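Listed here are the chains, written in short residue letters.
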Amino acid sequence: MTLDLDLDLSPATARERLARVDAAAYAATRNHLQGAVSGLSPWIVHGALSLREALAAVHARTPLPLEHRWVQELAWRGFFQHRLMREPDTVWHSRHEGPLPEAEYAAGVCAAEGQAGVAPGPAQARSDAAVDACPKEGATTLAPDPGATLRAEPRGRQASLLAPDVARHAASPAPSLSPPGSRRQPDLLPRRLLDVPADVREARTGLAVIDQAVRTLATTGWLHNHARLWLASYLVHGRRVHWRAGADWMLSWLMDGDVGPNHGSWQWVAGTGSSKPYLFNADNVARFAPKDWQVPGSLLDTGYDAHEARARGALPALPAGQGGEPLAGPEVSRLPPLEPAWGPDLRGRRVWLAHPWSLGDPPPGFDAVVALWPLDAWTNIAWRRERWAAVARRLQALTPWQWVGSAEVLAGKLAGAHPSGIDHPCVPPPLRALLDRPADSLFPALDRPDAPVASSFSAYWRLGTRHLRSVAELLVQLD
């Protein structure tokens, strides 16, 4: 499966790709890097394709049992969104302690050379290999501050083109990366992404599975889920990088990065959102990856007992890679690459609110469509330039009115209008209060404020399907 960085995020393109999904092949081969995965995630993440439509279309062609892998994988996405909606703080911070105390994981090791970071913790001090070299000048396309990558192409008047609200966001520091109690100090978000060791970001660890994963991520903006798990496990348990640094970095390079599933999966791997850490070895890679990804005879070619011991601090962290041609990663930014277009007075008019997580066609009956870019939504995250461009193309196809600013400013401009739109947990308040249509979910009853919060996927699945016997009954619930 491949994705073009020049994505068309329209519902029509999503339906074309959806029509090619083979449910039987998906269930049989989805764990293999060359398996029959769907590639639908960018359209689902950005609201151009709903979970209900993804389920209904495949079920209409090939009737599925309720326990089918396609149904469960859509439910996994729903579960992580459920967590993001109901317990948003636990997406950004560890739900509980992992195999090692939080301070044992590196949030940055470049303080001595002026980069944001902390001194090595006890686990790092046990091995010089745990301390990665600082990023060298020019080794990454990440800018020292978000405003440096404001536009896809350099423009001389960038600062003057920004509304004051946008300019303040570009210059403002993002909140601290680490959970409460850690020693990490606040800094600008793009600098935080450098907390991932340079040899990993530059695909020169010397481990084929890791370097191939990073190259694929950089060049396509997409990565097979199994490879995402391997990369996360290597960083957290092999190199002792804090899961949040890795999660933020991966999301910034993905075209389909979704905060709930991405950060939730990193916590699942780290063991801070699950009962045990996720580990892998060379045999696992050999089973599911093509030959040029495999790592026989490497430091990963050991039994799981050794990987478990390393994850729990009984063995030193894996060493950094030495030498090799560095990969130039993608440009990332916290700012959309477009100029605001504010549009007419909307008082008294019915207004459909499109936004980056709601790229579907507007329903009939509205006088105007406005695209909202609430800058607060990217306080904790960044996107690659190609993703900003793909979302901007779709929103500009929906409407010429592109409103850029804080959620408070955008909500204030809608005073006197009659707005409506699709809710999403990434849209910050008070703007989210105007989105009156429910967020996409397979089990919408579980997302009500009075419903219990599912502590695990098994609990989410059990609660969501307890009165159901078939996919047909589930789809009826969604009508």
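Note: the structure precedes this text.
Here the structure is a predicted model, which is why all the values come from computation and not from measurement.

## A look at the packing of aromatic side chains
Stage number 1. All chains considered together, the criterion is met by 22 aromatic pairs.
Stage number 2. What links up through ring pairs into an aromatic cluster is the set Trp76, Phe79, Phe80, Phe443, Phe457, Tyr460 and Trp461.
Stage number 3. We note arginine 350 situated over the ring of phenylalanine 366; from NZ or CZ to the ring centre the distance is 4.4 Å.
Stage number 4. The ring centre of tryptophan 403 lies 5.3 Å from the NZ or CZ of lysine 413, which sits over that ring.

## Brief notes about the pairing of strand S5 (residues 402–405)
Stage number 1. The side-chain alternation of S5 yields two buried faces, one formed by Gln402 and Val404 and the other by Trp403 and Gly405.
Stage number 2. Here four bridges tie strand S3 (residues 368–374) to S5, and the two strands are oriented parallel to one another. Within S5, the residue paired with tryptophan 373 across the bridge is valine 404.

## Observations concerning the pairing of strand S2 (residues 350–354)
Where a strand is regular, its side chains alternate between the two sheet faces.
Stage number 1. Across the five residues of S2, four count as buried, placing the element largely inside the fold.
Stage number 2. In this sheet, strand S6 (residues 418–421) lies alongside S2 in parallel orientation, the contact comprising four bridges. The residue of S6 that forms the bridge with valine 351 is proline 419.
Stage number 3. The sheet contact formed by S2 and S3 spans four bridges and is parallel. Bridge pairing in S3 links valine 351 to alanine 368.

## Topic: the environment of aspartate 258
Stage number 1. Looking at the element boundaries, aspartate 258 is found in the loop between helix H14 (243–253) and helix H15 (259–270).
Stage number 2. We classify aspartate 258 as buried; its relative accessible area is 4%.
Stage number 3. Taking C-alpha positions, aspartate 258 is 8.9 Å from glutamine 81, a pair spaced 177 residues apart along the chain.
Stage number 4. Ignoring anything within four residues of it in the chain, the contact list for aspartate 258 reads Val45, Arg77, Gln81, Leu251 and His263.

Criteria and thresholds
- Residues numbered from 1 in each chain as written.
- Predicted model: local features only at pLDDT ≥ 70, side-chain atom pairs only at ≥ 80, totals over all residues.
- Heavy atoms only, no water.
- Phe/Tyr/Trp six-rings, centres within 6.5 Å; stacked < 30°, edge-to-face > 60°.
- Lys NZ or Arg CZ within 6 Å of the ring centre and 35° of its normal.
- Buried < 20%, exposed > 50% of the residue type's maximum accessible area, 1.4 Å probe, protein only.
- Helix = DSSP H or I, 4+ residues; strand = E, 2+ residues; numbered from the N terminus.
- Pairing = 2+ DSSP bridges.
- Contact = heavy atoms within 4.5 Å.

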